[in-house]
Amino acid sequence: MPDITVRQADIGDVEAIYEIETICFPDPWTVESLIFELKENPRALYIVAELDGSVVGYAGLWSIFDEGHITNVAVHPDYRQRHIGEAIMKRMLDCTLREDVVHHTLEVRPSNEAAISMYSKLGFKVEGRRKNYYADNGEDALIMWRHADQDRE
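What counts and what doesn't
In this convention, every chain numbers its residues from 1, walking through the sequence in written order. pLDDT decides what is reported in this predicted model: residues at 70 or higher carry local features, side-chain atom pairs at 80 or more are listed and counted, and totals for whole chains, interfaces and linings draw on all residues regardless. Based on all heavy atoms of the structure, the side-chain values leave hydrogens and waters out of the count. Whether two aromatic rings pair depends on their centres lying within 6.5 Å, for rings of Phe, Tyr and Trp, where Trp uses its six-membered ring; planes under 30 degrees apart make the pair stacked, over 60 edge-to-face, and the rest tilted. Under the scheme used here, helices are H or I runs from DSSP no shorter than 4 residues and strands are E runs no shorter than 2 residues, and both carry numbers assigned from the N terminus. Per-residue accessibility, obtained with a 1.4 Å probe over protein chains only, is compared with the maximum for each type, and a residue is labelled buried under 20%, exposed over 50%, and partly exposed between these values. Two limits define a charge over a ring: the Lys NZ or Arg CZ must be within 6 Å of the ring centre, and within 35 degrees of the ring normal. Here, a strand pair is defined by DSSP locating no fewer than two bridges between the strands. Lines are fitted to the C-alpha atoms to define the axes, a helix being fitted only along its stretch in contact, and any angle between axes, read from their N-to-C directions, falls within 0 to 180 degrees. Any two residues whose heavy atoms approach within 4.5 Å are treated as being in contact.

Asks: Whenever I open this one, the packing of aromatic side chains confuses me. Can you help?
Replies: For any pair of aromatic rings, the description rests on two quantities: the centre-to-centre distance and the angle between the ring planes. A complete count under the given rule lists four aromatic pairs for this structure. Judged by centre distance (6.1 Å) and plane angle (40 degrees), the ring pair of tryptophan 29 and tryptophan 62 falls under tilted. With tryptophan 29 in the loop between helix H1 (14-24) and helix H2 (31-39) and tryptophan 62 in strand E3 (residues 54-64), the pair connects residues that are 33 residues apart, well separated along the chain. Taking the centre distance of 4.9 Å and the plane angle of 85 degrees together, the rings of tyrosine 133 and tyrosine 134 count as edge-to-face. The exposure class of tyrosine 133 is partly exposed, given its relative accessible area of 38%. One Lys or Arg, arginine 109, reaches over the ring of tyrosine 134 and ends 4.0 Å from the middle of that ring.

Now the structure itself:
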């Protein structure tokens, strides 16, 4: 398999991120929202994975003091099960830890076993549940947290 490049997203990635967003999520963010995230939101960090010059996955995070709220994680369906999501998440965690963001949280569908497995592998643990969180089908969301400061020895 060719090398995957994982890097911070820039405004030139908006169309590719939006395409993945619309393929992966029933209620995708708008192009305008993504432009705002990449150009104007000082609290936002987006990471993309490129394969052969094409963006195949991305993740977004908002940092607030020592907490990072992971807003989106998506890999194009044609490129799943290649550890691309894990590579993106590792880069995001590394970048934010360098900025003293030591608590990370996200919501995930209980039915998304592959994502839950990946997040667990990265140190996230289920710490709560949001009832009827997802508007498309009323599915709950599991609230997962990773506390890096508790891992330090």
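What follows picks up the thread again.
Asks: Quick question: what am I supposed to make of the sheet that holds strand E7 (residues 141-147) here?
Replies: Hydrogen bonds between backbone groups are what pair the strands of a sheet, and the pairing can be parallel or antiparallel. Read from one edge of the open sheet, seven strands run E1-E2-E3-E4-E5-E7-E6, paired in mixed fashion. Single-partner strands in this sheet number two, and they are strand E1 (4-8) and strand E6 (125-130). Adjacent strand axes in the sheet meet at a mean angle of 25 degrees, parallel and antiparallel pairs treated alike. Bridge count between E3 and strand E4 (residues 67-75): eight bridges; the pairing is antiparallel. Paired with isoleucine 64 across the two strands is glutamate 67, which belongs to E4. Strands in contact with helix H3 (residues 84-98) are E1, strand E2 (44-51), E3, E4, strand E5 (103-108) and E7; relative to E2, the strand with the most contacts, it is inclined by about 145 degrees.

Asks: Hey, could you run me through the environment of proline 26 in this one?
Replies: You can see proline 26 is positioned in the loop between H1 and H2. We classify proline 26 as exposed; its relative accessible area is 52%. Linking proline 26 and alanine 135, residues 109 residues apart in sequence, is a C-alpha distance of 9.1 Å. Ignoring anything within four residues of it in the chain, the contact list for proline 26 reads Arg109 and Asp136.

Such coordinate-based values are descriptive only and should not be taken to indicate function.
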